[in-house]
Amino acid sequence: MIIEDILGNVDIGNRQTDLLQVEWYETTRRIQRRKTAGGREIALRLQKQGQRLQQGDVVYMDDATAVVVDILPCDAIVVTPASMTEMGAICYEIGNKHLPIFIQDDEVLIPMEEPLFRWLEAGGYKPAKAIRRLTNMLRSNVAPHDHGGSGSSLFQKIMKLGK
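I will try to describe carefully the structure that is included in this document. (Residues numbered from 1 in each chain as written. Predicted model: local features only at pLDDT ≥ 70, side-chain atom pairs only at ≥ 80, totals over all residues. Heavy atoms only, no water.)

**Structural notes on the overall build of the protein chain**
Note the following rule: Starting at the N terminus, helices and strands are each numbered in turn, a helix being any DSSP run of H or I of at least four residues and a strand any DSSP run of E of at least two. Summary of the burial criterion: residues with accessible area below 20% of their type's maximum are buried, those above 50% are exposed, and those between are partly exposed, where the area comes from a 1.4 Å probe applied to protein chains only. Between two residues, a contact is recorded if the distance between any of their heavy atoms is within 4.5 Å.
For the protein chain, the helix and strand inventory stands at three helices and 10 strands. Beginning at the N terminus, the succession of helices and strands in the protein chain can be written as β-β-β-β-β-β-β-α-β-β-α-β-α. In the protein chain, which comprises 163 residues, the proportion classed as buried is 36%. Partitioning the contacts of the protein chain with sequence separation of at least 6, the portion at a separation of at least 24 is 66%.

Okay, here's the thing in structure tokens:
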């Protein structure tokens, strides 16, 4: 079965649910072949640019069954910033490493990477290791930027706001 559009997070009524289980990093893939938990062959060929699968999205529905996206939990780094300044600094530094950031329930979540975990610990941010369902990836449109010391970086602007 070829799926070209996501129906969205819609009411499935009393239909049987067949889970399409995906890893967090597979949610942005426009083309992929998967099997549902019930054994259905699914070919995703999403047409819209920037479209991504979300937890609970319905990708197929007939009178009896709904195929629903289920993002699998994974190892993650959890940071609960103490202030907006700390939130900005953490997100800026993680983004500067071109890593995905998830913001969920006032926490910053990052897929587990031991070097990043140690870096956050050394910075005094008190990261924790946990198993989480990474569902709310921060959308970004990153323009080319300078990693040099120009003196007017976003980090420096954020730090000025905190004073």
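And the narrative resumes.
**A look at the sheet that holds strand β3 (residues 31–35)**
Condition: One requirement defines pairing of two strands: DSSP has to find at least two bridges between them.
Spatial strand order, β1-β4-β3: three strands in an open sheet with mixed pairing. Pairing within the sheet leaves two strands with one partner each, and these edge strands are β1 (2–3) and β3. Relative to strand β4 (residues 41–45), β3 runs antiparallel, the two being bridged by five bridges. Bridge pairing links K35 to E41 in β4.

The values reported here are purely geometric and, on their own, carry no functional implication.
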